[in-house]
Amino acid sequence: MTEMTQDVLVKRIGYEAERINSYELIARRRGGELTPFTAGSHIDLHLPNGMLRCYSLVNDPRERHRYVIAVNRDAESRGGSSFVHDTIRVGDVITISGPRNNFALHEQAEHSVLIAGGIGITPLLSMIRRLDALGRRWDLFYAARTRAAAAFLDELGTVRSDHSRIHFDFDDERSGRLFDLPAIVGNAPAHAHLYCCGPVPMLAAFDAATADRPADRVHVEYFQAREAPATGGGFDVRLARSNRTIAVEPGKTILDALLDAGITANHACTEGVCGTCETRVLDGIPDHRDQFLSEEEQAANKSIMICCSGAKSRTLVLDL
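Residues numbered from 1 in each chain as written. Predicted model: local features only at pLDDT ≥ 70, side-chain atom pairs only at ≥ 80, totals over all residues. Heavy atoms only, no water.

**Student:** Can you lay out the packing of aromatic side chains for me, pointing to particular residues and giving the numbers?
**Tutor:** A ring pair, where both rings are aromatic, is described by two values, the distance of the centres and the angle of the planes. In the structure shown here, the tally under the stated rule is 4 aromatic pairs. Ring geometry for Phe37 and Tyr67: centres 5.9 Å apart, planes at 80°, overall edge-to-face. Taken as a pair, Phe37 in the loop between β2 (20–27) and β3 (42–46) and Tyr67 in strand β5 (residues 66–72) lie far apart in primary sequence, 30 residues in all. Of the residues examined, Phe37 reaches a relative accessible area of 6% and is grouped as buried. Its relative accessible area of 1% is what places Tyr67 among the buried residues. Ring centres of Tyr142 and Phe168 lie 6.2 Å apart, and the angle between their planes is 55°; on these two criteria the pair is classed as tilted. In this pair, Tyr142 sits in strand β8 (residues 137–144) while Phe168 sits in strand β9 (residues 164–170), placing the two residues 26 residues apart along the sequence. Given a relative accessible area of 0%, Tyr142 falls into the buried group. (Phe/Tyr/Trp six-rings, centres within 6.5 Å; stacked < 30°, edge-to-face > 60°. Helix = DSSP H or I, 4+ residues; strand = E, 2+ residues; numbered from the N terminus. Buried < 20%, exposed > 50% of the residue type's maximum accessible area, 1.4 Å probe, protein only.)

Rendered as structure tokens:
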């Protein structure tokens, strides 16, 4: 299935924190509306250098005239965030995908607890706007290295609500204390929905702290891979629809092998976190390495993220 894309205009670039810029994107036609989105959604940027990168939408989901994303210049970037910072300018036209949501807000929850680490504030900011519009109760716990490295502090400082609380936590202001994520989780009401987005160590701690809570009330968004991709190779991928068999050699992922064979396959993050490359499995046993599928979905072996996962069986049959 071909992904729907559209061209948008970069209207404004803003400084949000050290190494973090925001980018306001609007329709090319003056006054045009963009595809509606829900809190927690992201879009893919189709960058002129051939990369695809996904970024969360931070603005109010009620807005139809713009999308706003924030991009952190990652020191370990493979070219995506650095390219955006160094190359994208106001007035440029870029191609994006339509919004998708892998981190949906449960709008009917009586209480939401939002935990952000660094750039992980981005999807939670959109959730805050939506929760305020609904009059729902929420708490935000926002951790960062320093105040200067924390995005959208000015905006969060203007939030005034009887049903919300914001707690900031900065590494250089703790006087030796640790960010007590287990205590935050332990103090959350039993009926609350908990959301966490941030660096991998924070998400691992969140997973451990919420292990005894109902799975349908615990929500995580990964920006980075938690484990290395499966590159052991030594198996074949049979493509059911195109009637082709592709050998996956050592050192390559399934996606690498398909692209090398000239086969078009949807992909974006290449780390198994965004879900763009999800492919249906018709036969065989995947070696799951993604952070997108739940444990139950991985155990069912009905789909695979071909950018990072491999095969435990000699042959893997895919719906491609």
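The discussion continues.
**Student:** Tell me what's going on with the pairing of β5, and back it up with residues and numbers.
**Tutor:** When you tally the buried positions in β5, you get 5 out of 7 residues, the bulk of the element. By the bridge criterion, 7 bridges tie β2 to β5 in an arrangement that is antiparallel. Bridge pairing in β5 places Ile20 opposite Asn72. (Pairing = 2+ DSSP bridges.)

**Student:** Provide a residue-level description of the sheet that holds strand β18 (residues 315–318), including the pertinent values.
**Tutor:** Strand order in the open sheet formed by 5 strands is β13-β12-β18-β14-β16, and the pairing between neighbours is mixed. Since the sheet does not close on itself, it has two edges, and those belong to β13 (244–248) and β16 (303–305), each with one partner. Taken pair by pair, the neighbouring strands of this sheet meet at an average axis angle of 40°, ignoring direction. Two strands pair when backbone bridges link them, and strand β14 (residues 278–283) and β18 are joined in this way by 2 bridges, in the antiparallel orientation. Bridge pairing in β18 links Val281 to Leu318. (Axes fitted to C-alpha atoms, helices over the stretch in contact; angles between N-to-C directions.)

**Student:** Lay out the nonpolar core with the relevant residues and their values.
**Tutor:** If you look at the biggest cluster of nonpolar residues, it comprises 29 residues, and the most contacted ones within it are Leu114, Ile121, Leu124, Met127, Leu140 and Tyr142. For this core, the secondary structure elements donating two or more residues are β5, β7 (111–117), α2 (121–134), β8, α3 (153–157) and β10 (193–198). Broken down by element, the residue count for this core peaks at 6 residues, all from α2. Taken domain by domain, this core gets at least three of its residues from each of domain 1 (5–97) and domain 2 (111–221). Those residues in contact with Leu124, other than ones at most four positions away along the chain, are Phe103, Leu114, Ile115, Ala116, Leu140 and Tyr195. (Core = buried A, V, L, I, M, F, W, Y, C linked by side-chain atoms within 4.5 Å. Domains from an automatic or database assignment. Contact = heavy atoms within 4.5 Å.)

**Student:** Tell me about the pattern of salt bridges, and name the residues and values.
**Tutor:** Within the structure shown, the criterion is met by 16 salt bridges. The salt bridge partner of Glu107 is Arg130, with a shortest N-O separation of 2.9 Å. Linking Glu107 in the loop between β6 (93–97) and β7 with Arg130 in helix α2, this pair joins segments that are 23 residues apart in sequence. Between Arg147 and Glu173 there is a salt bridge, with the nearest N and O atoms lying 2.9 Å from each other. In this pair, Arg147 sits in the loop between β8 and α3 while Glu173 sits in the loop between β9 and α4 (181–187), placing the two residues 26 residues apart along the sequence. (Salt bridge = Lys/Arg side-chain N within 4 Å of Asp/Glu carboxyl O.)

**Student:** Break down the sheet that holds β8 for me, with residues and values.
**Tutor:** With respect to topology, 5 strands assemble into an open sheet ordered β9-β8-β7-β10-β11, the strand pairing being parallel. Only two strands of the sheet have a single partner each, and these edge strands are β9 and β11 (218–222). Strand-to-strand twist in this sheet, taken as the mean axis angle between neighbours without regard to direction, amounts to 10°. Sheet topology note: the β7/β8 ladder contains 7 bridges and is parallel. The partner of Ser112 across the bridge, within β8, is Trp138. Helix α5 (residues 200–209) rests against β7, β8, β10 and β11 of the sheet, and its axis sits at about 155° to β10.

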